[in-house]
Amino acid sequence: MTVLNETYTLAGGVEIPRLGLGTWFIDDDKAADAVRAAVSIGYRNIDTAQAYGNERGVGEGVRTCGVPRDELFVSTKLAAEIKDYDQALAAIDGSLAALGLDRVDLMLIHSPQPWDDFRGGDYAQGNREAWRALEDAHRAGKVRSIGVSNFQQHDLDNILEGGSVVPHVNQLLVHAGNTPSDLLAYCESKQILVEAYSPIAHGAILKNVEVQAMAQKYGVSVPQLCIRYTLQLGTVSLPKTANPEHMRSNAEVDFDISDDDMNVLRDLRDVDYGEHSAFPVYSGK
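Conventions adopted
Residues numbered from 1 in each chain as written. Predicted model: local features only at pLDDT ≥ 70, side-chain atom pairs only at ≥ 80, totals over all residues. Heavy atoms only, no water. Helix = DSSP H or I, 4+ residues; strand = E, 2+ residues; numbered from the N terminus. Rg over C-alpha atoms; globule rule 2.2 N^0.38 Å. Buried < 20%, exposed > 50% of the residue type's maximum accessible area, 1.4 Å probe, protein only. Contact = heavy atoms within 4.5 Å. Lys, Arg positive; Asp, Glu negative; His and termini not counted. Charge placed at Lys NZ, Arg CZ, Asp CG, Glu CD. Salt bridge = Lys/Arg side-chain N within 4 Å of Asp/Glu carboxyl O.

> Sorry if this is basic, but what is going on with the overall build of the chain here?
When helices and strands are counted, the chain shows 10 helices and 10 strands. Relative to the 2.2 N^0.38 estimate, which gives 19 Å for 285 residues, the radius of gyration of the chain is 18 Å and therefore close to what a compact globule would have. Viewed in the frame of its principal axes, the chain has a C-alpha envelope of about 55 × 40 × 35 Å. Out of the 285 residues in the chain, the part that is buried amounts to 56%. For the chain, long-range pairs separated by at least 24 residues make up 75% of all intrachain contacts whose partners lie at least 6 apart in sequence. Of the charged side chains in the chain, 25 are positive and 41 negative; the average position of the first set lies 2 Å away from that of the second.

> Looking at this structure, how should I read the pattern of salt bridges?
When the charged atoms of two side chains with opposite charge come close together, those side chains can pair. For the structure on display, the rule yields 17 salt bridges. Here arginine 144 and aspartate 105 are joined by a salt bridge, their closest N and O atoms 2.7 Å apart. Here the residue arginine 144 occupies a position in the loop between helix 4 (124–139) and strand 7 (146–149), and aspartate 105 occupies one in the loop between helix 3 (85–99) and strand 6 (106–109), the gap between them amounting to 39 residues. Using a relative accessible area of 35% as the deciding quantity, one classes arginine 144 as partly exposed. The network of salt bridges with shared partners includes Asp28, Asp33, Arg36, Arg56 and Glu60.

What follows is the structure, encoded as structure tokens:
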């Protein structure tokens, strides 16, 4: 499982493992066990958020997993509703307290808009305020790298115009069936690394006959094909699971998808998120 040893280097010089563990939907009381299991398998990149309600458990897992803190990459996210400098500063300290850590390796603005107005009103000034708080936390050494999530090009431009640090990361919904190629190219042009969340598309893609056939051709599972696809796009892949068997198989992706098959997957449009369609990021906005 060599992918667990592979890293990218962010524009700020910090190394980030290419494959991480997403912890959305993992309950706080189960998060520590999930983190410990992942680390024992070889994961070194753990992703959480204030909105997930499990920072306490994730932090416990990080502190008790038996691997030195500086060998782990821990990310969290500022709640999407916080669009104010003072609130953002307080929330950054709140995350560190909840995690029980003196620093995190990456902190993101979770969304350019509050969830109840996703892709809605104008929050440009609020995002600049939240970004300024992240920049100050970065300067203070509380956060080793800073970034954003769910930001479109105009949202990024707002930060680029108003900020002093270019976001190191933009965490986006990226999977076979939903590949925002123009945005990926734009991020690359600005040296903003993209992290792909929901690389397995919440399981919707598992039923796609074309993808099933392609996975069979490579002798892998559909999730393995989908994770490998996001890695070959040049993104960090963040499949989420609390199941150690899935963690293990998600990391068994040491194969190469051909250029032709990458193009097929890139052109695929399959975005049925089933029960998850209720969440703003899957609503097609």
